[in-house]
Amino acid sequence: MSPNGRFVGGYAASVAPDDSWQYSPVITDLETGEVYEFGPYPEAIHFLTQTMCISDHGVLFIKDGYNGGTVAFDTEGNITEPRSPEGYKGKPTIEATSSDGKYWVGYANDDILSEGGLTRPLLWTDGIPAELPFPDKNFRNEDFRVGIMARGISANGEIIYGTSWENDDCGMLYWKNNGTTVEEPRWVGDDIRRLTPVIVEDWMGEYEYNLVDGCICTAETTKVSPSGKWIATTYRKEEVGSDGFIAYVQRPAFYNTETETTTVVEDYGEATGMHVTDDGIAFIGIGTMFITEGKVYDLNTGTDLGNMADWVAENYGIIIPGGVIE
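Here goes a summary of the coordinates provided. Keep in mind that this is a model prediction, so the values were computed, not measured. (Residues numbered from 1 in each chain as written. Predicted model: local features only at pLDDT ≥ 70, side-chain atom pairs only at ≥ 80, totals over all residues. Heavy atoms only, no water.)

1. Thoughts on the sheet that holds strand 24 (residues 294–298)
Stage number 1. Spatial ordering of the open sheet is given by 22-23-24-25, a layout of four strands whose pairing is antiparallel. The sheet terminates laterally at strand 22 (271–276) and strand 25 (303–307), the two strands that pair on one side only. With direction set aside, neighbouring strand axes in the sheet form an average angle of 30°.
Stage number 2. Judged from the five bridges that link them, strand 22 and strand 23 (residues 281–286) form a sheet pairing that is antiparallel. Across the sheet, the residue bridging to Val-276 is Ala-282, located in strand 23.
Stage number 3. Contacting strand 22, strand 23, strand 24 and strand 25, helix 1 (residues 308–316) runs over the sheet at an angle of about 85° to strand 25. (Pairing = 2+ DSSP bridges. Helix = DSSP H or I, 4+ residues; strand = E, 2+ residues; numbered from the N terminus. Axes fitted to C-alpha atoms, helices over the stretch in contact; angles between N-to-C directions. Contact = heavy atoms within 4.5 Å.)

Structure below.
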């Protein structure tokens, strides 16, 4: 769904006469009720596997899981394949778009054929790709081995966030975009981030390791509020358990990009920060995996506003079958 809720997009799959798959992008204008359907396109041309995002002008981005990259479709039937920066050998994945479609964010591999290649976070401005500034060290203050993916962008295009992807890291970072330049990245929750060097012993033997108490995120694309004031995240604390393995404690957290401070919510135990509004209404998933229950929390007053499903039904008349907003 587009940031202002006007357009929704997806695709339909069908079987071609030769028993191969074919795909038809579908864009619906909820304001007029008009439905735009194009194709079907053979899987050899566009093997559509995952709807990524859609702008308020109805430009729909769908991932091609076989041929690689992301394909964009608009309401006039035009097809665009976003490109990576010059010199890249990997096709890009578009993860999110600003409301007006001026900015897209995502990632690509800078050189998929070389041993030293990294995944790089990218920003497209009016369709022109550029690398986002890259930190010197990864989430654990070590050299990068895999890289960073840009995951989401605020509706106004001013705040971009992403994740480092070094196996179990998932460290969350963000960039400020003023329209002409992008600031150097900062780790979300850097006001409470702590590194602790330790010696770990497991089946691999004994080795040095940096524990990190910090904010994490995986592949979610809707963690930032429309103006970019707030970022929803999860604050994870690490310690070495008695068995020698790393133990985790996770709490929902919300980072204010204006004050550069983090609010950690302790009321619900093991939980995840899922979404947040500009005025500080936070949506929290109970648990860390397979979340089926949610809470609504006022960051301004530190008060519980009730179960997510009940709160949404009461305020908007919408029934959430799964109990939480995905």
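2. A short note on the sheet that holds strand 9 (residues 93–97)
Stage number 1. Spatial strand order, 9-10-11-12: four strands in an open sheet with antiparallel pairing. Because the sheet does not close on itself, it has two edges, and the strands there are strand 9 and strand 12 (128–131). Across the sheet, the mean angle from the axis of one strand to that of its neighbour is 30°, orientation sign disregarded.
Stage number 2. Alignment of strand 11 (residues 119–125) against strand 12, held across four bridges, turns out to be antiparallel. Following the sheet pairing, Leu-122 is matched in strand 12 by Glu-131.

3. Points about the pairing of strand 18 (residues 205–216)
Stage number 1. Bridge count for strand 17 (residues 194–202) against strand 18 is nine bridges, and the pairing is antiparallel. Directly across from Leu-195, in strand 18, lies its bridge partner Val-212.
Stage number 2. Of the strand pairs in this sheet, strand 18 and strand 19 (residues 230–240) are connected by three bridges, and their pairing is antiparallel. Within strand 19, the residue paired with Ile-216 across the bridge is Thr-234.

4. Quick notes on the side chain of Ser-55
Stage number 1. Within the element layout of this structure, Ser-55 appears in the loop between strand 5 (48–54) and strand 6 (60–64).
Stage number 2. Ignoring anything within four residues of it in the chain, the contact list for Ser-55 reads Ser-2, Pro-3, Phe-7, Thr-97, Ser-98, Ser-99 and Gly-101.

5. Concerning unusual backbone geometry
Stage number 1. Cis peptide bonds are those with omega within 30 degrees of zero, and the linkage from Gly-39 to Pro-40 qualifies with 5°.
Stage number 2. The residue Pro-40 is located in the loop between strand 3 (35–37) and strand 4 (41–42) in this model.
Stage number 3. The phi angle at Cys-170 is positive, at roughly 60°, despite the residue not being glycine.
Stage number 4. Residue class for Cys-170 comes out buried when judged on its relative accessible area of 11%. (Buried < 20%, exposed > 50% of the residue type's maximum accessible area, 1.4 Å probe, protein only.)

6. A closer look at the packing of aromatic side chains
The relation between two aromatic rings is expressed through the spacing of the ring centres and the mutual angle of the planes.
Stage number 1. Counted by the stated rule, this structure contains 13 aromatic pairs.
Stage number 2. Here the aromatic rings of Phe-47 and Tyr-66 are separated by 5.9 Å at their centres, their planes lie at 35°, and the arrangement is tilted. Of the two residues, Phe-47 sits in the loop between strand 4 and strand 5 while Tyr-66 sits in the loop between strand 6 and strand 7 (70–73), which places them 19 residues apart along the sequence.
Stage number 3. Overall, Tyr-66 belongs to the exposed group, its relative accessible area being 63%.
Stage number 4. Centre to centre, the rings of Phe-61 and Trp-104 are 5.0 Å apart; their planes meet at 70°, and the pair counts as edge-to-face. Here the residue Phe-61 occupies a position in strand 6, and Trp-104 occupies one in strand 10 (residues 103–109), the gap between them amounting to 43 residues. Per residue, the accessibility class of Phe-61 equals that of Trp-104, and both read buried.
Stage number 5. Within the aromatic cluster, the residues linked to one another by ring pairs are Tyr-11, Tyr-23, Phe-47 and Tyr-66.
Stage number 6. Of note, Arg-120 hangs over the ring of Phe-134, and the distance from its end group to the ring centre comes to 4.4 Å. (Phe/Tyr/Trp six-rings, centres within 6.5 Å; stacked < 30°, edge-to-face > 60°. Lys NZ or Arg CZ within 6 Å of the ring centre and 35° of its normal.)

7. Remarks on the pattern of salt bridges
Oppositely charged side chains may form a pair once their charged atoms are brought near each other.
Stage number 1. A complete count under the given rule lists 18 salt bridges for this structure.
Stage number 2. As a salt-bridge pair, Arg-6 and Glu-31 come within 3.7 Å of each other at their nearest N and O atoms. Residue Arg-6 is found in the segment before strand 1 (7–15), and its partner Glu-31 is found in the loop between strand 2 (21–29) and strand 3; the two are separated by 25 residues along the sequence.
Stage number 3. We note a salt bridge from Lys-295 to Glu-293, for which the minimum N-O separation is 3.8 Å.
Stage number 4. Under the relative-accessibility criterion, Lys-295 is labelled buried at 18%.
Stage number 5. Within the structure, one salt-bridge network assembled from shared partners comprises Arg-140, Asp-169, Arg-236 and Glu-238. (Salt bridge = Lys/Arg side-chain N within 4 Å of Asp/Glu carboxyl O.)

8. Quick word on the layout of surface pockets
Left-over empty space is what a probe sized like a water molecule reveals as it rolls over the atoms.
Stage number 1. In this model, the largest pocket occupies a volume close to 1200 Å³.
Stage number 2. Lining the largest pocket are 35 residues, and of these Met-1, Ser-2, Pro-3, Thr-222 and His-275 sit closest to its centre.
Stage number 3. Those elements that place two or more of their residues in the lining of the largest pocket are strand 5, strand 9, strand 22, strand 23 and helix 1.
Stage number 4. Looking at the lining of the largest pocket residue by residue, the class counts come to 19 nonpolar, twelve polar and four charged.
Stage number 5. The computed volume of the second largest pocket comes to approximately 480 Å³.
Stage number 6. Along the wall of the second largest pocket there are 19 residues; nearest its centre are Thr-218, Glu-220, Thr-272, Thr-288 and Ile-291. (1 Å grid on protein atoms, 1.4 Å probe; cavity = no way out; pocket = protein on both sides within 12 Å on 5 of 7 lines; lining within 4 Å. Points joined across faces, edges and corners; volume = space filled by probe spheres on them. Nonpolar A, V, L, I, M, F, W, Y, C, P; charged D, E, K, R; others polar.)

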